[in-house]
Amino acid sequence: MAQNYDVVILGGGTGGYVAAIRSAQLGLKTAIVEKGKLGGTCLHQGCIPSKALLRSAEVYATTKNHAADFGVNTGEVSLDFSRVQQRKQGIVDQLHAGVQGLMKKGKIDVYEGIGRILGPSIFSPNPGTISVEMNNGEENEMLIPNNVIIATGSRPRTLPGLDIDGEVVMSSEEALAMTELPKSILIVGGGVIGIEWASMLNDFGVDVTVLEYADRIIPSEDKDISKEMQKLLKKKGVKFAISAKVLPETVEKGEGQVSIQAEINGSNETFTAEKMLVSVGRQANVENIGIENTDILIEKGFIHVKNTFQTKESHIYAIGDVIGGMQLAHVASHEGITAVEHIKGNAPHAINYDLVSRAVYSNPEAASVGITEDQAKEQGYELKTGKFSFKAIGKALVYGESDGFVKIIADKETNDILGVHMIGPHVTDMISEAGLAMVLDATPWEIADTIHPHPTLSEVMGEAALAVDGKAIHS
């Protein structure tokens, strides 16, 4: 029998389930269709499991290499990777149970299966009825919603000709399920995900080589951050090949190794390791969900939406990775909330993506909000900048992690903050102060005038803000 809903959401990832919760809070009858597990990629194959592994890697590397610096004698330090994976899975399972509980609390119906959008039919004169192919093999369920939100997410992309076999050549999803660590690995792609994996595996003791097509790693970040990240990871033993055009047709797999050639400065170089991790971005999951039965536009592989997240079919919305843009879990969540508020008839503020904080959970961490120095110059701003090192911050020395800095970019004419860029200890937790400052249109002097407690890592923000006008105290 067909079921009627105010809102049906295709995809129960971070964007989808958050949208469902807000929808239920607003009194809308809501359902989610999810073919896998609630929580989606972020919870099961992305954000959470990778950060759990990164934390284990950090603890291992700190204990092995730096315990004596703290006066702690540990003896021989060894790694039990099976325990590492057990801890990771325990965290995932706990959070998954929490999401399931939230669905019950909100009286949100969850259909486990593949949902497809139907065209006009006996159920509705408009496209949007959802046929759910149930995972349990039972007869398809028909859901008749007033509104649909597509939140089907994305999956790892690869290079043409560079096939993922899941064993020797992996994406991040297969890498997360490894039962044993390789002795060496090639990472194709030095973006955020590639650098997080390079840092993690290096801390676990793996010989890591990163091949990056651009002229610097994490090219979306400020140049000073990229330069510092490469310097610090190289110091730890990570090897880099920059401006390296990987040639997929040259891949060779042998017993216990894989090799590939890359064109660098006009000549080909061969790189060999035990495993290869391909990390060259993500592609939207737009196939097999019935988009062809609608007038929804696909542009460059992503669903085209308005700033209200409506597609060309005004009652069908799309959010998260499937629309491209900033493919971040926290962005998808806010897009979902905005879409639901619009469905309810409220007037939500359009998301200002320039004010979204970004984070790299490597060791060291990096984080940023706003535009880079190069972007600011391209946009015609006359700039003033302040930079302050963690080496002058007492809490950083106490932690034993004093590499890195905070950089603030401001408009010389108006004193508005244009961007804040950080690299160093716990900066992914500190970036929200900068994000809030930009949302409130704060100036560097207002950050500097905020009394930061001593000793804390956050003091670096106050000092960097003072440095914008050449007034830093401890430099």
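Now for a quick tour of the structure. (Residues numbered from 1 in each chain as written. Predicted model: local features only at pLDDT ≥ 70, side-chain atom pairs only at ≥ 80, totals over all residues. Heavy atoms only, no water.)

## Section: the sheet that holds strand β23 (residues 417–424)
Across a sheet, paired strands are connected by hydrogen bonds in the backbone, their directions being either parallel or antiparallel. As summarised here, the arrangement of the five strands in space is β19-β20-β23-β22-β21, forming an open sheet in which the pairing is antiparallel. What marks the edges here is a single partner per strand, and that holds for β19 (358–360) and β21 (383–389). Neighbouring strand axes in the sheet, compared pairwise and without regard to direction, differ in orientation by 10° on average. Pairing analysis gives six bridges linking strand β22 (residues 405–411) to β23, with the strands arranged antiparallel. If you follow I408 over to β23, its bridge partner there is V420. Here helix α13 (residues 459–467) sits on the sheet in contact with β21, β22 and β23, set at roughly 145° to β21. (Pairing = 2+ DSSP bridges. Helix = DSSP H or I, 4+ residues; strand = E, 2+ residues; numbered from the N terminus. Axes fitted to C-alpha atoms, helices over the stretch in contact; angles between N-to-C directions. Contact = heavy atoms within 4.5 Å.)

## Some points on the pairing of strand β12 (residues 257–264)
Pairing geometry for strand β11 (residues 245–254) and β12, over six bridges, is antiparallel. The partner of V246 across the bridge, within β12, is A262. With antiparallel pairing between neighbouring strands as the criterion, β11 and β12 make up a hairpin whose turn holds two residues, including G256 at a positive phi of roughly 75°. Here β12 runs beside strand β13 (residues 267–273); their pairing, made up of seven bridges, is antiparallel. Residue pairing for β13: E263 is matched across the bridge by N268. What sits between β12 and β13 in their antiparallel hairpin is a turn of two residues, with N265 showing a positive phi close to 55°.

## Section: helix α1 (residues 14–25)
Between the first and last C-alpha of α1 there are 17 Å, a value that for 12 residues agrees with the 16 Å anticipated at 1.5 Å per step. Of the positions making up α1, those classed as buried are T14, G15, G16, Y17, V18, A19, A20 and S23. If you follow the buried residues of α1, they end up packed against β1 (3–10), β2 (30–34), α2 (40–44), α4 (81–105), β5 (141–150) and α8 (329–344). (Expected span 1.5 Å × (residues − 1). Buried < 20%, exposed > 50% of the residue type's maximum accessible area, 1.4 Å probe, protein only.)

## Some remarks on the packing of aromatic side chains
Tallied over the full model, the rule gives two aromatic pairs. Between F81 and F204, the aromatic rings sit 5.6 Å apart at their centres with planes inclined by 90°, giving edge-to-face as the arrangement. Here F204 lies in the loop between α6 (192–203) and β9 (207–212) and F81 lies in helix α4, a separation of 123 residues in the sequence. By relative accessible area, F81 is classed as buried at 9%. The buried category is assigned to F204, whose relative accessible area is 5%. Here the basic side chain of K29 rests over the ring of Y5, its NZ or CZ set 5.0 Å away from the ring centre. The side chain of K387 reaches across the aromatic face of F405, ending 4.5 Å from its centre. (Phe/Tyr/Trp six-rings, centres within 6.5 Å; stacked < 30°, edge-to-face > 60°. Lys NZ or Arg CZ within 6 Å of the ring centre and 35° of its normal.)

Spatial relationships are all this shows, so hold off on functional conclusions.
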